[in-house]
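A look at the structure
Next come the chains, spelled out residue by residue.
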Amino acid sequence: MDNSKNDPAKGPQSSSSSRATALGKPVDSILTVNPETLTIKYRSVGEPEDGGGESHFAVVPFPKRYEDAVSDALKLLGRYMAHPTADQVFLKCLATNAVPEGDGILVWAEFDPANWALAVQPGGHVQVFEKRHQMPSPSQDLFWDGPIYLVFGKTEYSLTAWTKSEQYLMINRPKNYAEAVGRARDAAYKRSNLPQVKPVANPATTLKFYIFDDEHLTRWFAIPPAAATDDALWKEAVPGPLGILGVIAT
């Protein structure tokens, strides 16, 4: 008979320990969850030099509908959001059965609001995300300053993979190619432990920048090479504030 569960040397083994391991977090870091509540998370936009924002949490009685959960999120966490209205935010659920990303990062999954009761259970977690806004194309005399998300890509065996949303870094929107290179290398130096990031920090590499057609990073195209020397072309191509800029080192 296996008595490992009651072995004093090993300590008690429980289902919560298995769950903690599955989520990539130590047992002591997971708070006891009231099964009649919902935990809501929102990650605010922080200063670019900090590499991201700050996480904020709220606990509410478990909502019966998706719309009620959004309302609770806006009521308690809206003060941290740039656009705290129901039509500008959406929720993702915690994919508890998914394998965590690198460094134990949790996986947040899209779901149909109509399937609220199936996707999110009492005692569960959701995260609030804000919809991205496309800025109007500025003239040559006007350039919108502000933070943008920087994602790193790496191509292996003819397949390109980008860093996950929890690994996005933030930089100030670059006015030209040279500024983009400098800011990308500075940001990469802080996170050079990731395989996609390390080559970008190497000053011997050449950097190519990309823009995306959707926030899921499923479609992208390269900023024209001519933009490296044409500042006006660069300003037309670079994403607006809170947009996503991709970079790959070659």
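Residues numbered from 1 in each chain as written. Predicted model: local features only at pLDDT ≥ 70, side-chain atom pairs only at ≥ 80, totals over all residues. Heavy atoms only, no water.

Let's shift gears to the overall build of the protein. Counting its secondary structure elements, the protein contains six helices and 11 strands. The 250 residues of the protein split such that 38% are buried. In the protein, of all internal contacts separated by at least 6 residues, the share reaching a separation of at least 24 is 62%. Total accessible area on the protein stands at roughly 14,600 Å², and carbon and sulfur atoms take up 53% of it. (Helix = DSSP H or I, 4+ residues; strand = E, 2+ residues; numbered from the N terminus. Buried < 20%, exposed > 50% of the residue type's maximum accessible area, 1.4 Å probe, protein only. Contact = heavy atoms within 4.5 Å. Areas by Shrake-Rupley, 256 points an atom, 1.4 Å probe, with all protein chains shown as cover.)

Here we take up the pairing of strand S5 (residues 125-130). Along a regular strand, successive side chains alternate from one face of the sheet to the other. Counting buried residues in S5 gives five out of six residues, a clear majority hidden from the surface. Of the pairings in the sheet, the one linking strand S1 (residues 37-43) to S5 comprises four bridges and is parallel in character. Note on S5: the bridge partner recorded for threonine 39 is histidine 125. Pairing analysis gives five bridges linking strand S3 (residues 89-94) to S5, with the strands arranged antiparallel. Looking at S5, one finds that valine 89 is bridged to glutamate 130. (Pairing = 2+ DSSP bridges.)

The residue threonine 39 is located in strand S1 in this model. Residues in contact with threonine 39, not counting those within four places in the same chain, are Phe57, Ala58, Val59, Gly124, His125 and Val126.

A word on the sheet that holds strand S2 (residues 55-61). Spatially, the five strands line up as an open sheet ordered S2-S1-S5-S3-S4, and their pairing is mixed. A strand with exactly one partner marks an edge of an open sheet, and here the two such strands are S2 and strand S4 (108-109). In the sheet, S3 pairs with S4 via two bridges, with the strands oriented antiparallel. Across the sheet, residue cysteine 93 finds its bridge partner in S4, namely alanine 109.

For the rest of this paragraph, the subject is the pattern of salt bridges. Scanning the entire structure with this criterion turns up four salt bridges. Across the pair arginine 65 and aspartate 68 runs a salt bridge, and its minimum N-O distance is 3.2 Å. Judged by relative accessible area, aspartate 68 falls into the partly exposed class, the value being 28%. Put simply, arginine 219 and aspartate 213 hold a salt bridge, and the shortest N to O gap is 2.8 Å. Its relative accessible area of 53% is what places aspartate 213 among the exposed residues. (Salt bridge = Lys/Arg side-chain N within 4 Å of Asp/Glu carboxyl O.)

Turning to unusual backbone geometry, a few remarks are in order. Not every positive phi belongs to a glycine, and leucine 242 is a case in point at roughly 70°. As for its placement among the helices and strands, leucine 242 is situated in the loop between helix H6 (231-237) and strand S11 (244-249). Take leucine 242: its relative accessible area is 25%, and that puts it in the partly exposed class.

Once that is clear, we can look at the packing of aromatic side chains. Aromatic rings in a pair are described by how distant their centres are and how their planes are angled relative to each other. Tallied over the entire structure, the rule returns 12 aromatic pairs. Pairing tryptophan 162 with phenylalanine 212 gives two aromatic rings, centres 5.0 Å apart and planes at 80°, and the pair type is edge-to-face. Linking tryptophan 162 in strand S7 (residues 159-162) with phenylalanine 212 in strand S9 (residues 207-212), this pair joins segments that are 50 residues apart in sequence. Accessibility expressed as a relative area gives 7% for tryptophan 162, which makes it buried. A relative accessible area of 14% places phenylalanine 212 in the buried class. Ring geometry for tryptophan 162 and tryptophan 220: centres 5.4 Å apart, planes at 80°, overall edge-to-face. Here tryptophan 220 lies in strand S10 (residues 220-222) and tryptophan 162 lies in strand S7, a separation of 58 residues in the sequence. (Phe/Tyr/Trp six-rings, centres within 6.5 Å; stacked < 30°, edge-to-face > 60°.)

This paragraph deals with the pairing of S7. Where strand S6 (residues 147-156) and S7 come together, four bridges link them in antiparallel fashion. Opposite glycine 153, over in S7, you have tryptophan 162 as the bridge partner. Hairpin remark: S6 followed by S7, antiparallel, with two residues in the connecting loop; positive phi at tyrosine 157, about 50°.

With respect to the helices and strands, the residue valine 60 is situated in strand S2. By relative accessible area, which is 5% here, valine 60 ends up buried. Between the alpha carbons of valine 60 and glycine 123 there is a distance of 9.9 Å; along the sequence they are 63 residues apart. Those residues in contact with valine 60 that sit more than four places away from it in its chain are Glu36, Thr37, Leu38, Ile40, Asp72 and Leu76.

Right, let's get into the confidence of the model for the protein. Per-residue pLDDT for the protein averages 76, and the proportion of residues at 70 or more is 72%. Mean pLDDT across the elements of the protein bottoms out in helix H1 (residues 15-22) (35) and peaks in helix H2 (residues 66-77) (95). Across residues 4-31, where pLDDT falls below 50, the model places 23 contacts with residues more than four positions away in sequence or in other chains. This stretch, residues 98-103, has a pLDDT under 50; its non-local contacts, to residues over four places away or in other chains, come to 13 contacts. (pLDDT = per-residue confidence, 0-100.)

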